[in-house]
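# Structural characterization, general
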Amino acid sequence: MILTQRDLKLLFYLSRYVLMTTKQINRTVFGNIAVTTVLRRLRALEANGYIQRIEGLANAERAWTVTLKGAGLAGDRQPKRHFNRSTLPHDVKLTDLRLSLEGHGIAHSWIAEHEIRSQMARSHGISRMQGKTVPDGIMGVDYHGVKHSVAIELELHFKSQGRYRDIFSNYRYKPNLWSVWYVVHAKSLGK
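The structure reproduced in this document is the subject of the present report. Note that the coordinates shown come from a computational prediction; the quantities given were computed from them, not determined experimentally.

What counts and what doesn't
- Residues numbered from 1 in each chain as written.
- Predicted model: local features only at pLDDT ≥ 70, side-chain atom pairs only at ≥ 80, totals over all residues.
- Heavy atoms only, no water.
- Helix = DSSP H or I, 4+ residues; strand = E, 2+ residues; numbered from the N terminus.
- Rg over C-alpha atoms; globule rule 2.2 N^0.38 Å.
- Contact = heavy atoms within 4.5 Å.
- Areas by Shrake-Rupley, 256 points an atom, 1.4 Å probe, with all protein chains shown as cover.
- Lys, Arg positive; Asp, Glu negative; His and termini not counted.
- Charge placed at Lys NZ, Arg CZ, Asp CG, Glu CD.
- Axes fitted to C-alpha atoms, helices over the stretch in contact; angles between N-to-C directions.
- Parallel < 35°, antiparallel > 145°, perpendicular 65-115°, else oblique.
- Left-handed = near helix turned anticlockwise from the far one by under 90°.
- Pairing = 2+ DSSP bridges.
- Core = buried A, V, L, I, M, F, W, Y, C linked by side-chain atoms within 4.5 Å.
- Buried < 20%, exposed > 50% of the residue type's maximum accessible area, 1.4 Å probe, protein only.
- 1 Å grid on protein atoms, 1.4 Å probe; cavity = no way out; pocket = protein on both sides within 12 Å on 5 of 7 lines; lining within 4 Å.
- Points joined across faces, edges and corners; volume = space filled by probe spheres on them.
- Nonpolar A, V, L, I, M, F, W, Y, C, P; charged D, E, K, R; others polar.
- Expected span 1.5 Å × (residues − 1).

## Some thoughts on the overall build of the protein chain
When helices and strands are counted, the protein chain shows eight helices and seven strands. Relative to a compact globule of 191 residues, whose C-alpha radius of gyration would be 16 Å, the protein chain shows 18 Å and is just as compact. The contacts in the protein chain between residues at least 6 apart in sequence include a share of 58% that link residues at least 24 apart. A total of about 11500 Å² of accessible surface is found on the protein chain, and carbon and sulfur atoms cover 51% of it. Across the protein chain, the centroid of the 29 positively charged side chains sits 1 Å from that of the 15 negatively charged ones.

Here it is in structure tokens:
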């Protein structure tokens, strides 16, 4: 298989965004061409071991991620390899949120949750990670010429008041964070 520049761009995007649906890939990499054309190329890349399909989304929508082989071409040494089916809708919405924040020039860099967890485990050990608050991502923003780190929390389902108290209390003691953005999908959940 001969990889095109667009294939390499796709591997880079999948490595960077971790998980993307066919629609997200079509919009960001293929420029909204016919979905059948996009799927044909994705299946070819999958058959050659560069990407893998992730099943389990509603409406039989497909999601894709980069394999170790594909990640190597994108310069990623540690791609995420395991996905929890129960969190797939959250992961897809998080990708949409990130694409939007970056597209509007708000987020200039992003560290994904799995990277934060991996870094914490290497630094502190897995046993000390129990009860730690890990954001869905940390984005870099530029405010009045100064770079800041902002934790992103994407909430799709209501949690108990005690859980929210714990989350916000834990963030209070993170001096390296400038702020926390808590994003909800419905006004009622925000209240």
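## Description of the packing of helix H1 (residues 5–17) against helix H2 (residues 22–30)
Axes are the key here: two packed helices are described by the angle between their axes and the distance separating the axes. Between H1 and H2, the least distance of the axes is 10 Å, while the angle of their chain directions is 125°. Relative to H2, H1 is oriented oblique. Of the two possible hands of crossing, H1 and H2 adopt the one that is right-handed. Residues Arg6, Lys9, Leu10, Tyr13 and Leu14 of H1 form the contact with H2, whose participating residues are Ile25, Thr28, Val29 and Phe30.

## Some thoughts on the sheet that holds strand S1 (residues 20–21)
Taken together, the three strands give an open sheet; going across it, the order is S1-S3-S2, and neighbouring strands pair in antiparallel fashion. Where the open sheet ends on each side, the last strands, each with one partner, are S1 and strand S2 (51–54). The sheet contact formed by S2 and strand S3 (residues 63–66) spans four bridges and is antiparallel. Opposite glutamine 52, over in S3, you have threonine 65 as the bridge partner. Across the face of the sheet, helix H3 (residues 35–47) comes into contact with S2 and S3 while running at roughly 115° to S2.

## Observations regarding the sheet that holds strand S4 (residues 109–112)
Strand order in the open sheet made by the four strands is S4-S5-S6-S7, with mixed pairing throughout. The open sheet has two edge strands with one neighbour each: S4 and strand S7 (179–184). Put simply, the sheet's adjacent strands are angled 30° from each other on average, direction ignored. With seven bridges joining them, strand S5 (residues 137–143) and strand S6 (residues 146–155) adopt antiparallel strand pairing.

## Here's the deal with the nonpolar core
Core analysis: the largest hydrophobic core is formed by 20 residues, its most contacted members being Leu19, Leu101, Trp110, Met139 and Ile152. Of all the secondary-structure elements, those providing two or more residues to this core are helix H5 (88–103), S4, S5 and S6. When residues in this core are grouped by element, the largest group, five residues, is from H5. Sequence-distant contacts of leucine 19, that is, excluding residues within four places in its chain, are made with Leu14, Gln24, Ile54, Ala63, Trp64, Phe83, Leu88, Asp91, Val92 and Thr95.

## Comments concerning the environment of leucine 19
Within the fold, leucine 19 resides in the loop between H1 and S1. Along the chain, leucine 19 and isoleucine 111 lie 92 residues apart, while their C-alpha atoms are 14 Å from each other.

## Considering the layout of surface pockets
Considering only enclosed or pocket space, the largest pocket measures out at about 1500 Å³ in volume. Of all the secondary-structure elements, those providing two or more residues to the lining of the largest pocket are H1, helix H4 (68–74), H5, S4, helix H6 (113–124), S6 and helix H7 (161–172). With seven residues, H6 is the largest single contributor of residues to the lining of the largest pocket. Residue composition of the lining of the largest pocket, by class: 18 nonpolar, 14 polar and 17 charged.

## Some words on H6
Compared with the 16 Å implied by 1.5 Å per residue over 12 residues, the 16 Å span of H6 between its first and last C-alpha is a close match. The positive-phi residue at the C-terminal boundary of H6 is glycine 125, with phi of around 90°.

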